[in-house]
Amino acid sequence: MFIMRLSSSVFALLCVMCEVLSIALFLRGFFPVPVKSSLSSESKASDLPAEPLTGSGTNSSESPGPVFRRVVIVLVDALREDFVFGSDGLRFMPYTRHVVERGSSHSFIAKARAPTVTMPRIKALTTGSIPGFIDVVMNLNSPALLEDNLIWQAKNAGKRIIFYGDDTWVRLFPKHFMEQDGTTSFFVSDYTEVDNNVTRHLDDTLKRDDWDILILHYLGLDHIGHISGPHSSLIGPKLTEMDDIMKKIHAALISKESEGTSPNLLVLCGDHGMTETGSHGGSSEPEINTPLVLISPAFRRRGGFEEPGVLEQVDLTPTLALGQGLPISKNSVGRLIPAVFEDLSLRDQLRFLQLNGHQLSCLLEDNNPTFHKEDGYELFRVAEKSHGSWMKLYMDGNTSEVLGNIGKKVLKQYLEALKAMSSALSKQLGKYDMYSMIMGMILVLQVLILLLLAMPEALSREAVVDIPLAASLFSLPFYLLCLLGSALHVLICTSAGGLCYLCSLPWVLVFALIILSSALMCALVAMAARRMPTSSKSPTKGSGWTLSELDVVLLVGTVGHTLSLASSSFIEEEHQTWYFLLNTLCLAVFQDVCRKYFSEQEEGGEEESFSSFSPAVELGMSVGSEKWLALATPLLTLTCCRLLRSLNHTGVQWAHLPDFGHWLNSGDHKMFLSLLGALSLALIFLLIQRHCSLVSKIALALGLLGVYSYRAAVGNVLFPWQHSSRTVSKGTVEARFVYVFVLGILFTGVKDLLRAQLTSSAGDGGRLKSRGLWEVYSGVVLLVALLFRAHNLPTLACCLLVQTVMAQFIWKRLHYDAAQTTIMHYWFGQAFFYFQGNSNNIGTVDISVGFVGLESYVEAPAVILTALSTYAGPLLWAFHLLCYLTSQRHRAVMGLGHGSYCFALLRSIPAVFYVVLVTGLRYHLFIWSVFSPKLLYEAMHTLVTTAVCVCFTFMDQDRSGRP
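Residues numbered from 1 in each chain as written. Predicted model: local features only at pLDDT ≥ 70, side-chain atom pairs only at ≥ 80, totals over all residues. Heavy atoms only, no water.

Let's talk about the overall build of the protein chain
A count of helical and extended segments in the protein chain gives 39 helices and ten strands. Burial analysis of the protein chain (963 residues in total) assigns 57% to the buried set. Relative to all contacts within the protein chain whose residues are 6 or more apart in sequence, the contacts with residues 24 or more apart total 78%. When the accessible surface of the protein chain is summed, it comes to about 39400 Å², and 63% of that surface belongs to carbon and sulfur atoms. (Helix = DSSP H or I, 4+ residues; strand = E, 2+ residues; numbered from the N terminus. Buried < 20%, exposed > 50% of the residue type's maximum accessible area, 1.4 Å probe, protein only. Contact = heavy atoms within 4.5 Å. Areas by Shrake-Rupley, 256 points an atom, 1.4 Å probe, with all protein chains shown as cover.)

Listed below in structure tokens is the structure:
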């Protein structure tokens, strides 16, 4: 039998790479890119239904004429409803608030659907449909929108459209605007020029008469939220600026009004809101509640402030379409806003409702095979018949009160039907590609089982795994499985009409996928059969492996945490689970320390001396006093973790409550934040510099000084001689100053790693490799310090402090093996992920870090910096593990293989769990708001783990053995 021997690190890397491909295939089926009508099948005026008549007369298929002559849409990015309807509206938007309370207007709270990011929200506002959740990823590079939409309908009808603002519109609607000026939405450090570029066109445009629709998308408010949150001192002036713009536009539209022409319409809306930290993307109330203010002389004047009504954001689409005499987009699930048309004749109101109902019923027929059983569809047919009876009376000239009462009854029937059909469509439009999902699930399950079967070999002293190559690729079952998989693929594709993702791929790629799955299945069977004769023996890890109490804690904790997250509440509050597990781990370690130093009688003194920095020796303490430092280490770790829990409240239940981070970021406590930030940077230097060369120490010190200068430049902290906040800048020069030292330290570390590969001496090579890794680690820490918010610098300092004391007094002294140490690093990494303020909500991703030191949006650096900042906790702990295991030269090769394997296994368990979970709960109420974001986080974490395993595999190259 042909056997292929792989090191544990290479084996783990191949498994996790296969897992990434499997999850990508699953996500492609779970988040399908919507395949909807192309531009060749847009709604046309000729497709409109006839006005219902049951008696004699001629049916009319025409729509009532446009209600509004001109429409101006002012879309303020991240405009929360309380910014207009709350106390902030009273203070900073007095004119808009006056129009809301006393003017000719209608006010609503428009609820946006998750994901609350800009591109999907623009799609929803222009198509009336519910974009796919995967659009949160596509938001960075918006393709042209080929779906039937309001902008295309307006252009096709000869409407002249002008756009200024977020260039996402320009990418979505190329060649649709008569005039345009787009500004990038991703450079969040700029909150002045992005809006000035829009406003500078206003005076000239408002004087002209050569346009019908004007769209203005302001970005400054969103950028301020990302930088400093919704309670920043910059929010008030920005809202006042938006209020002045509304006043200018409203005055210009009023001056253009003339008798005999249709009135104009001014729309103020937001695409989404923002959380208390200034971010967005999730489904919390501050993120989904946006204001919608419609201002027009066509409306009755208000007599005072009333609580705004609540509607769906997509309801604006059919309202604007019918208000301008345009067909409603085919894929719209919105229903028109009755208040906008309440002053029209009853006949026109019923006609508008009929057109909206017809469009929804056609969409329901296309998406639901049992559409005729839907309550909304039946209600609509009943309403149409009643409408026909009313039309018969109307055409006969009946003007009695009975006619009005019947008309109001029909109107009510239409509204109930629209509500029911819209609700049914919102549920029906989430379609899944089950074939791709099942194939991805099978592959990811096979990878997990393969990792579990290979555990005894992967964690052995040799750290190698034997793969039965002959059974996998040259056996009869393999060929039979390939034949069966190909036959099933043909059968599924021909029966499903080729609508799934796999059916659209070239046959070569599909066949490669079938070969991979078949080979994995045969390898699993062969490895399981090989384990059968030894199944009665106890599992071994090297020689004589037994489960210690700590192993039990680590095993039960990891599996128990994964299983506990089957509930949406546990996913929302997952950080609490990791905090509990970390506390449990510290108590278990404390017990081990007590057993070693106080229960067991040791002979011969210390077993080994430190190979590197020893805190006890440097502090002038005796070697025996180190047991007290070891005893204090778990308690110190518990103290740090408890303090960090109060720094950033995350999750859902308590995220809105003030935390220590909010207190630090308030303007009154900037001096305290400055002092805390300086102390944190000083502690970071003391903990990191001990591994660096003299040149790198100088670079690190200057780089950390540059970090503080950057934070002072952007207004987060103060210099000692600075007694008040100065003018805030972008801090571009200061950030680039830090980048220079980051690159210098990284270059020094990489140079040592390359020299280690060329050195013939094992001792010199090991020292160079260890020093090079620590240098690279120091450069990464400096970069993370630059990216972290000022109030999060203590989190980074505590992370390094815990790593240092645990490495010196726990992992070395208690002789934990590589597997135990890896699991502990993994737990700490997960906990520090949440200590940063992250959660399983897309809204906690801080995208502002992607623009530190940049003067314009550059996609690749922005994505890398954002990912590094978000996953700084897991990455720093994984990198520290790599440095620590490499420094243990007597077991570095074995340790690196064990560490890489454990990372792959620890990532595979939750990945498989969530893939199976979301498949079973794909129709759950919280599938898009809770489970889908968590699945995306798990996919991204798996990708990060792949990068970690690549580093482990690269460093695990000394298997030939040096003399």
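Focus: the side chain of threonine 870
Topologically, threonine 870 is positioned in helix 36 (residues 859-870). Note on threonine 870: relative accessible area 6%, which makes it buried. One polar contact links the side chain of threonine 870 to the main-chain carbonyl oxygen of threonine 866, over a distance of 2.8 Å. In this structure, threonine 870 is in contact with Phe833, Gln836, Asn838 and Val845, ignoring residues within four places of it in sequence. (Polar contact = N/O pair within 3.5 Å; in protein donor to acceptor, adjacent residues only side chain to side chain.)

Re helix 30 (residues 670-688)
Helix length check: helix 30, at 19 residues, gives a terminal C-alpha distance of 27 Å against a target of 27 Å (1.5 Å per residue), a fit within 8%. The set of residues buried in helix 30 consists of Lys670, Leu673, Ser674, Gly677, Ser680, Leu681, Ile684, Leu687 and Ile688. End-on view of helix 30: buried residues confined to an arc of 160°, all on one side of the axis. Facing away from the buried side of helix 30 by more than 90 degrees, the exposed set consists of Leu679 and Leu686. (Expected span 1.5 Å × (residues − 1). Arc of directions from axis to C-beta.)

Section: the sheet that holds strand 8 (residues 289-295)
An order of 5-4-6-2-7-8-3-9 is seen for the eight strands of this open sheet, with the pairing classed as mixed. Looking along the sheet, the strands with just one partner apiece sit at the ends: strand 5 (179-183) and strand 9 (309-312). Strand-to-strand twist in this sheet, taken as the mean axis angle between neighbours without regard to direction, amounts to 15°. Sheet topology note: the strand 3 (residues 105-111)/strand 8 ladder contains seven bridges and is antiparallel. Paired with serine 105 across the two strands is isoleucine 295, which belongs to strand 8. Sheet contacts for helix 12 (residues 235-256): strand 2 (71-76), strand 6 (213-218), strand 7 (265-269) and strand 8; angle to strand 7, the most-contacted strand, approximately 165°. (Pairing = 2+ DSSP bridges. Axes fitted to C-alpha atoms, helices over the stretch in contact; angles between N-to-C directions.)

Regarding the packing of aromatic side chains
Evaluation of the coordinates by the stated rule reveals 29 aromatic pairs. Between phenylalanine 660 and phenylalanine 672, the ring centres sit 6.5 Å apart and the planes meet at 75°, which makes this aromatic pair edge-to-face. Placement of phenylalanine 660 in helix 29 (residues 660-665) and of phenylalanine 672 in helix 30 is noted, with a sequence separation of twelve residues between them. One Lys or Arg, arginine 70, reaches over the ring of tryptophan 211 and ends 4.2 Å from the middle of that ring. (Phe/Tyr/Trp six-rings, centres within 6.5 Å; stacked < 30°, edge-to-face > 60°. Lys NZ or Arg CZ within 6 Å of the ring centre and 35° of its normal.)

As for the packing of helix 34 (residues 793-811) against helix 37 (residues 872-887)
Where helix 34 meets helix 37, the closest approach of the two axes is 11 Å, and the angle between their N-to-C directions is 30°. When the interaxial angle is binned, helix 34 and helix 37 end up roughly parallel. In this structure, helix 34 meets helix 37 at a crossing whose hand is right-handed. On the side of helix 34, the interface is formed by Leu796, Cys799, Val802, Gln803, Ala807 and Trp811, while helix 37 contributes Leu876, Trp877, His880 and Tyr884. Here the residues of the contact of helix 34 with helix 37 are counted per class, giving eight nonpolar, two polar and no charged. (Parallel < 35°, antiparallel > 145°, perpendicular 65-115°, else oblique. Left-handed = near helix turned anticlockwise from the far one by under 90°. Nonpolar A, V, L, I, M, F, W, Y, C, P; charged D, E, K, R; others polar.)

Some points on the environment of leucine 876
Here leucine 876 lies in helix 37. Classification of leucine 876 by relative accessible area gives buried; the value is 3%. For the pair leucine 876 and phenylalanine 828, spaced 48 residues apart in sequence, the C-alpha separation works out to 9.9 Å. Setting aside its immediate chain neighbours within four residues, leucine 876 contacts Tyr777, Val780, Val781, Val784, Leu796 and Gln803.

Overview of the state of the cysteines
Considering all chains together, one arrives at one disulfide under this definition. Paired by a disulfide, cysteine 493 and cysteine 503 hold their sulfur atoms 2.1 Å apart. On the sign convention where negative means left-handed, the S-S torsion of about -95° between cysteine 493 and cysteine 503 marks this disulfide as left-handed. You can see cysteine 493 sitting in helix 21 (residues 476-496) and its partner cysteine 503 sitting in helix 22 (residues 501-504), a full ten residues away along the chain. Counting only cysteine sulfurs, cysteine 951 is the nearest neighbor of cysteine 883, a cysteine outside any disulfide, at a range of 9.9 Å. The class for cysteine 883 is buried, based on a relative accessible area of 1%. (Disulfide = S-S within 2.5 Å.)

Here's the deal with the pattern of salt bridges
Enumeration according to the criterion identifies 30 salt bridges in this entry. Between glutamate 312 and arginine 113 there is a salt bridge; the shortest N-O distance is 3.3 Å. Of this pair, glutamate 312 sits in strand 9 while arginine 113 is found in the loop between strand 3 and helix 5 (118-127), placing the two residues 199 residues apart along the sequence. The class for glutamate 312 is partly exposed, based on a relative accessible area of 26%. Its salt-bridge partner being arginine 208, residue aspartate 210 comes within 3.1 Å of it at the nearest N-O pair. Owing to a relative accessible area of 28%, aspartate 210 belongs among the partly exposed residues under this scheme. (Salt bridge = Lys/Arg side-chain N within 4 Å of Asp/Glu carboxyl O.)

Some thoughts on the environment of leucine 415
Mapped onto the fold, leucine 415 is located in helix 17 (residues 401-428). Sequence separation between leucine 415 and glutamine 354 is 61 residues, and the spatial gap between their C-alpha atoms is 9.7 Å. When sequence neighbours within four positions are dropped, the list of residues in contact with leucine 415 reads Pro338 and Leu353.

Thoughts on the confidence of the model for the protein chain
Residues of the protein chain with pLDDT of at least 70 account for 86%, and the chain-wide mean is 84. Taken together, the stretch residues 35-40 has pLDDT below 50 and engages in eleven contacts with residues farther than four places along the chain or on a different chain. Low confidence marks residues 601-615, where pLDDT is under 50. Its contacts with residues over four positions away, or in another chain, come to 22 contacts. (pLDDT = per-residue confidence, 0-100.)

Some thoughts on helix 14 (residues 316-323)
Within helix 14, eight of the eight residues are buried, which leaves the element mostly enclosed by the surrounding structure. Those residues of helix 14 not exposed but buried are Leu316, Thr317, Pro318, Thr319, Leu320, Ala321, Leu322 and Gly323. Glycine 325 sits one or two positions beyond helix 14 and adopts a positive phi of about 75°.

A few points about the environment of phenylalanine 92
Here phenylalanine 92 lies in helix 3 (residues 87-92). Those residues within four positions of phenylalanine 92 in sequence are excluded, and the remaining contacts are Gly236, Leu239, Thr240 and Asp243.

As for unusual backbone geometry
With a phi angle near 65°, lysine 175 is a residue other than glycine that sits in the positive phi range. Along the chain, lysine 175 falls in the loop between helix 8 (168-172) and strand 5. One non-glycine residue with positive phi stands out, namely histidine 815, at about 55°. Tracing the chain through its elements places histidine 815 in the loop between helix 34 and helix 35 (818-835). Residue class for histidine 815 comes out partly exposed when judged on its relative accessible area of 34%.

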